[in-house]
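Residue strings, one per chain:
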Amino acid sequence: MLDEEKRRRKAAKIIAVLAHFLGRDAGKPEEALSGLTVGDVGCSAGFIADELAAAGARRTLGLDIDVPGLRRAADRFGSRVGFVCADGSRLPLPDGSVDVLVFNHIYEHVVDPDAVIADMHRVLSDDGVLYLGLGNRLGVMEPHYKLPFLSYLPPAAADRYVRASGRADHYYERFRTRTGLRRMLADFHVWDYTFPVLAAPERFAGGELFPGAVGRAAKATLERTPRPALRALLPVVPTYLWVATKTPRRPLGAALPQPPEPVRTSR
């Protein structure tokens, strides 16, 4: 969360995905969010919120429960980002008041992610857009502690695993499977940008995903792989990149080697 360079690279990817969905000019990232009210839920040190503001947002909000972190963020970026101490399940915002929300790799840390999703649905405008970076419980390598199969385990066994590794006393994160995430987003219409970003990393400010000759070969393979074969991998993909809306909308950006596909949400 405090690695500024890494957070800003993630912000560039988020903005590129949003720009594609909204049909904004990919060559003008400074205008990707022009005229929109944008909120970063779980903003931490504010690096992503600062980049959202730089992408032309009319108003940018960073929301978190970390008071010391918010103070530091406000000291650096308060001239163009409004930082608010807020529980994600009770956002201090009017109904339908936000055009774009970002919820990037946060759900596994909160007590009640369903309540947070429900409140984001409330504050999002009818034609608004929610960007989601979502870790998958069935991703083999747990992303926080870098321990294989950690997220597969029940809580007591996961606690013993992280203690045995010497990396923590308890395992607090709670990931969901793709099925569980689909249920969590049941009130939204969702498009999956996971494979579009992997197959065209340069388009989504993710060129570092595929460095060198091996990376170029992997990218070329992804571009050519039939979509049914890629879909078979979805249950174990470590991270999903989804864009959700309250009302039915379609991505407006240019054609991609692997286009975004709708996600069938369910209860």
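Residues numbered from 1 in each chain as written. Predicted model: local features only at pLDDT ≥ 70, side-chain atom pairs only at ≥ 80, totals over all residues. Heavy atoms only, no water.

1. Examining the pattern of salt bridges
Formally: Salt bridges, as used here, are contacts in which a Lys or Arg side-chain nitrogen is within 4 Å of a carboxyl oxygen on Asp or Glu. Under the DSSP-based scheme used, a helix requires at least four consecutive residues in state H or I and a strand at least two consecutive residues in state E, with every element numbered from the N terminus. Working definition: with a 1.4 Å probe on protein chains only, accessible area under 20% of the residue-type maximum means buried, over 50% means exposed, and in between means partly exposed.
Using the criterion set out here, one finds 14 salt bridges in the structure. Note that Asp-50 is salt-bridged to Arg-8, the shortest N-O span being 3.0 Å. One end of the pair, Asp-50, is in helix H2 (residues 47-54); the other, Arg-8, is in helix H1 (residues 4-22), and 42 residues separate them in sequence. The burial state of Asp-50 is the same as that of Arg-8; both residues are buried.

2. A look at the state of the cysteines
So the rule is basically this: To count as a disulfide, a pair of cysteine sulfur atoms needs to be within 2.5 Å.
Evaluated as defined, the whole model comprises zero disulfides. Free cysteine Cys-43: the closest other cysteine sulfur is in Cys-85, separated by 9.7 Å.

3. Section: the side chain of Glu-142
Spelled out, the test is: This count recognises Lys and Arg as positive and Asp and Glu as negative, with His and chain-terminal groups excluded. In the analysis that follows, any N or O atom pair within 3.5 Å is treated as a polar contact, provided that within protein one partner can donate a hydrogen and the other can accept it, and provided that, for residues neighboring in sequence, both atoms belong to side chains.
Within the secondary structure, Glu-142 is located in the loop between strand S5 (124-135) and helix H5 (155-165). Among buried Asp, Glu, Lys and Arg side chains, Glu-142 stands out as unpaired, with Lys-146 the closest opposite charge at 7.2 Å. Separated by 2.6 Å, the side chain of Glu-142 and the backbone nitrogen of His-144 make a polar contact. A polar side-chain atom of Glu-142 sits 2.9 Å from a polar atom in the side chain of Tyr-171.

4. Some thoughts on the nonpolar core
We apply this condition: For this analysis, a nonpolar core means a set of buried residues of the types Ala, Val, Leu, Ile, Met, Phe, Trp, Tyr and Cys, connected via side-chain atoms within 4.5 Å. Any two residues having at least one pair of non-hydrogen atoms within 4.5 Å are treated as being in contact.
Core analysis: the biggest nonpolar cluster contains 41 residues, and Phe-103, Met-120, Leu-130 and Leu-132 have the highest contact counts within it. With residues near it in sequence (within four places) discarded, Leu-132 still touches Phe-103, Ile-117, Leu-185, Tyr-240, Leu-241, Trp-242 and Ala-244. The next biggest cluster of nonpolar side chains, apart from the first, holds 28 residues, and it includes Ile-14, Leu-22, Ala-32 and Val-197.

5. Considerations on the packing of aromatic side chains
Our working rule: The aromatic pairing rule takes the rings of Phe, Tyr and Trp, using the six-membered ring of Trp, and pairs them if the centres are within 6.5 Å, calling planes under 30 degrees apart stacked, those over 60 edge-to-face and the rest tilted. Charge over a ring is defined by NZ of Lys or CZ of Arg lying within 6 Å of the ring centre and within 35 degrees of the ring normal.
Evaluated as defined, the whole model comprises six aromatic pairs. Arranged with centres 5.1 Å apart and planes meeting at 85 degrees, the rings of Phe-149 and Tyr-152 form a pair that is edge-to-face. Here Tyr-193 and Phe-204 contribute two aromatic rings whose centre-to-centre distance is 6.2 Å and whose plane-to-plane angle is 80 degrees, an arrangement assigned as edge-to-face. Taken together, the residues Tyr-193 in the loop between strand S6 (189-192) and helix H7 (194-199) and Phe-204 in the loop between H7 and helix H8 (212-224) connect sequence positions eleven residues apart. The pair formed by Tyr-193 and Phe-204 is uniform in burial state, with each residue classed as buried. Positioned above the aromatic ring of Phe-204, the side-chain terminus of Arg-203 is 5.2 Å from the ring centre.

6. Details of the UniProt feature "domain: Methyltransferase type" (unreviewed entry) in the protein chain
In plain terms, the rule: UniProt positions are given in the numbering used here, feature names are shortened, and annotations may be inferred rather than shown by experiment.
In this structure's numbering, the residues bearing the UniProt feature "domain: Methyltransferase type" (unreviewed entry) are residues 40-132. Secondary structure across residues 40-132 divides into 32% helix and 30% strand, with the first and last C-alpha atoms of the span separated by 11 Å.

7. Concerning the sheet that holds S6
Applied cut-off: For two strands to be treated as a pair, DSSP must find at least two bridges joining them. Orientation is described by axes fitted as lines to C-alpha atoms, over the contacting stretch for helices, and by angles from 0 to 180 degrees between their N-to-C directions.
A sheet is described by the order of its strands in space; here eight strands give the open sequence S3-S2-S1-S4-S5-S7-S6-S8, paired in mixed fashion. Since the sheet does not close on itself, it has two edges, and those belong to strand S3 (82-85) and strand S8 (261-263), each with one partner. Averaged over all pairs of adjacent strands, the angle between their axes in this sheet comes to 25 degrees, without regard to strand direction. Bridge count for S6 against strand S7 (residues 239-245) is four bridges, and the pairing is antiparallel. Note that in S7 the partner of His-189 across the bridge is Thr-245. Across the sheet, H1 touches strand S4 (98-104), S5, S6 and S7, and the angle it forms with S5 is around 135 degrees. Packing against the sheet, helix H4 (residues 113-123) makes contact with strand S1 (37-41), S4 and S5, and its axis sits at approximately 150 degrees to S5.

8. Structural notes on the pairing of S3
This is how the line gets drawn: Assignment of crossover handedness uses the view with strands pointing away from the viewer, where a clockwise path from the first strand over the helix to the second indicates a right-handed crossover.
In terms of strand pairing, strand S2 (residues 59-64) meets S3 through four bridges, oriented parallel. Counted as the bridge partner of Leu-61 is Gly-82 from S3. This β-α-β element, S2 to helix H3 (residues 67-77) to S3, shows right-handed connectivity.

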